[in-house]
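Residue-level structure breakdown
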Amino acid sequence: MYTAQITGPRTIEYKEVPMPEIKEGEALIRVKAAGLCGSDMHKFNSHSMPNMPTNIYGHEISGVVEEISTSLSGFELGDRVVVKPILHCDSCEPCEEGAYQFCEDGGSIGKTVQGGFADYVAVPTSNLYRLNPDVPFDVASLADPLAVAVHNFNKLREIDTDDSVAIIGDGAIGLLSAYVAKQFGYSDITVFGKHKSNLAIAKELGADTFYLASGDVDISQHDFSNSKKIVIESVGGEQSQSMKMAVDLAARQGEVVFAGVFPPQYVVNYAMRDQGWKELSITGSNSFQMHKGKDEFETAVEMINRDSQTLEQIVSHKFPLSQITQAVDSMNNKGEKGVVKIVLEPSE
Ligand SMILES: [Zn+2]
Ligand SMILES: [Zn+2]
């Protein structure tokens, strides 16, 4: 089979490797779509060689069941599925609390084991979720980032739909967070983005207002300070502007959820006085987990099965897997290329 494999620092090769073999409890999935995620980009852009066993990334996977090791899984050959990428043991303390993203014996597809930037991938049948016949595979691959957006809101103390919501960032997670806010019933949703081209998408997904914030805009000049009960920060990366902005936007007794991934050297950089003075609740958000007995990934799959037409707008670009290098280039020049989400499609 063919894969896109990292073979050296900043070197990805489209190359042939042996087919994966399935173990007991696993299914072989013929990959139809695999989303390119910010976390994959860190690996692709790294000047050092990542240390994952296969160096085949890709964790936002949808496809078709090609082979299955057990008849008891509830799945059959030919089933259209989406894959939950987090592997968890279900018996350690975090797993028993439902917080399987912290599993002590866990891992993830496309990080610790071979991922979906390949024609085929072997995955546990317990990580499979069924797709409705009308859901396109590219939209289905959004289940992982959508589950992350669901988790952002489940991190709140409570869902009070009268609260005003601000989302900082108009990447896939920011826009999907606007979508989840709408689905959860909020009606005052503002997205602070950097790309004018995302305005229409943000509105169709659920944002009521889209405010174009460039890096040097001081939002205190625009009277947004202290105005939002809920602030979701989804930017992260090598900057701290969005960190300050999140705390500044938050209203008294508001809540700030940091969902963006900052590199380790980016320590807290916001007005600590605001946190105390406004009595802010500040929390982080990492992947997804069980929430009130239900898997947040399942909640995301349900949204996709119900509303794939709306979510389709997040997928801005598709590339054949053989063009992974072009896909990575486009993602690195997001702004000028109008990229929201890139999906890779292995060839037949
Ligand atoms: Zn991802
Ligand atoms: Zn565990």
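In short, a report on the structure.

Reading guide: rules and limits
Positions within a chain are numbered from 1, following the residues in the order the chain's sequence is written. Each chain is given a letter, starting from A, and each ligand a number, starting from 1, according to the order in which they appear as written. In keeping with the model being predicted, local features are shown solely for residues with a pLDDT of at least 70 and side-chain atom pairs are shown and tallied solely at 80 or more, while totals for entire chains, interfaces and linings include all residues. Water and hydrogen atoms were dropped before computing side-chain values, which therefore reflect all heavy atoms in the structure. For helices the rule is a DSSP run of H or I covering at least 4 residues; for strands it is a run of E covering at least 2, with both sets numbered from the N terminus onward. Type-normalised accessible area, obtained with a 1.4 Å probe on protein chains alone, sets the label of each residue: buried when under 20%, exposed when over 50%, and partly exposed for intermediate values. Pairs of N or O atoms are called polar contacts if they sit within 3.5 Å, as long as, within protein, a hydrogen donor faces a hydrogen acceptor (for residues adjacent in sequence, only side-chain-to-side-chain pairs). Any two residues having at least one pair of non-hydrogen atoms within 4.5 Å are treated as being in contact. Comment: axis = line fitted to C-alpha atoms, over the contacting stretch for helices; angle = value between 0 and 180 degrees taken between N-to-C directions. Crossings are sorted by hand: turned counterclockwise from the far helix by less than a right angle, the near helix makes the crossing left-handed, and turned clockwise it makes it right-handed. Polarity classes work like this: nonpolar for Ala, Val, Leu, Ile, Met, Phe, Trp, Tyr, Cys and Pro, charged for Asp, Glu, Lys and Arg, and polar for all others, with Gly in that last group. Any N, O or S atom lying within 2.8 Å of the metal counts as a donor, and for Na, K and Ca the limit rises to 3.2 Å; water is left out, so some sites can look incomplete. Labels for metal geometry use angle windows, namely 85 to 135 degrees for all angles of a four-donor tetrahedral site, and for square planar (four donors) or octahedral (six donors) sites opposite donors over 155 degrees apart plus all others within 65 to 115; sites meeting none of these are irregular. Note: two strands are recorded as paired if DSSP finds a minimum of 2 bridges between them.

1. What to know about the side chain of glutamine 114
In this fold, glutamine 114 is placed in the loop between strand 7 (107-108) and strand 8 (120-124). Take glutamine 114: its relative accessible area is 14%, and that puts it in the buried class. Within the structure, glutamine 114 has its side chain in polar contact with the backbone oxygen of tyrosine 120 (distance 2.9 Å). Setting aside its immediate chain neighbours within four residues, glutamine 114 contacts Met1, Pro20, Met52, Thr54, Ile56, Ile109, Tyr120 and Val121.

2. Here we look at the packing of helix 4 (residues 143-154) against helix 9 (residues 296-311)
Running from N to C, helix 4 and helix 9 point in directions that differ by 115°, and their axes come no closer than 9 Å. In this structure, the crossing between helix 4 and helix 9 has a hand that is right-handed. Here helix 4 contributes Ala143, Asp144, Leu146, Ala147, Val150, His151 and Asn154 to the contact with helix 9, which in turn contributes Glu296, Phe297, Thr299, Ala300, Val301, Met303, Ile304 and Leu311. When grouped by side-chain class, the residues that make up the contact of helix 4 with helix 9 number 10 nonpolar, three polar and two charged.

3. Things to note about the coordination of the zinc ion (ligand 2)
Binding of the zinc ion (ligand 2) to the protein goes through Cys89 (SG), Cys92 (SG), Cys95 (SG) and Cys103 (SG), at separations of 2.3 to 2.4 Å. With four donor atoms in place around the zinc ion (ligand 2) and angles of 104 to 119° between them, the coordination shape is tetrahedral. Counting residues between consecutive donors of the zinc ion (ligand 2) along the chain gives the motif C-x2-C-x2-C-x7-C. On the criterion of sequence distance, the pair formed by cysteine 89 in the loop between strand 6 (86-87) and helix 2 (93-96) and cysteine 103 in the loop between helix 2 and strand 7 is long-range, its members being 14 residues apart.

4. Quick notes on the sheet that holds strand 13 (residues 228-233)
Strand order in the open sheet made by the six strands is 12-11-10-13-14-15, with parallel pairing throughout. Pairing within the sheet leaves two strands with one partner each, and these edge strands are strand 12 (209-212) and strand 15 (281-284). Mean inter-strand twist for the sheet, computed between neighbouring axes without regard to direction, equals 20°. Strand direction decides the pairing type here: strand 14 (residues 250-258) and strand 15, joined by four bridges, are parallel. Each bridged residue has a counterpart across the sheet, and for valine 256 the counterpart in strand 15 is isoleucine 282.

5. Quick look at the pairing of strand 4 (residues 60-68)
Sheet analysis places strand 3 (residues 26-36) next to strand 4, joined by eight bridges and oriented antiparallel. Its bridge partner lying in strand 4, valine 31 is registered against glycine 63. Sheet analysis places strand 4 next to strand 5 (residues 80-83), joined by four bridges and oriented antiparallel. Across the sheet, the residue bridging to glycine 63 is valine 81, located in strand 5.

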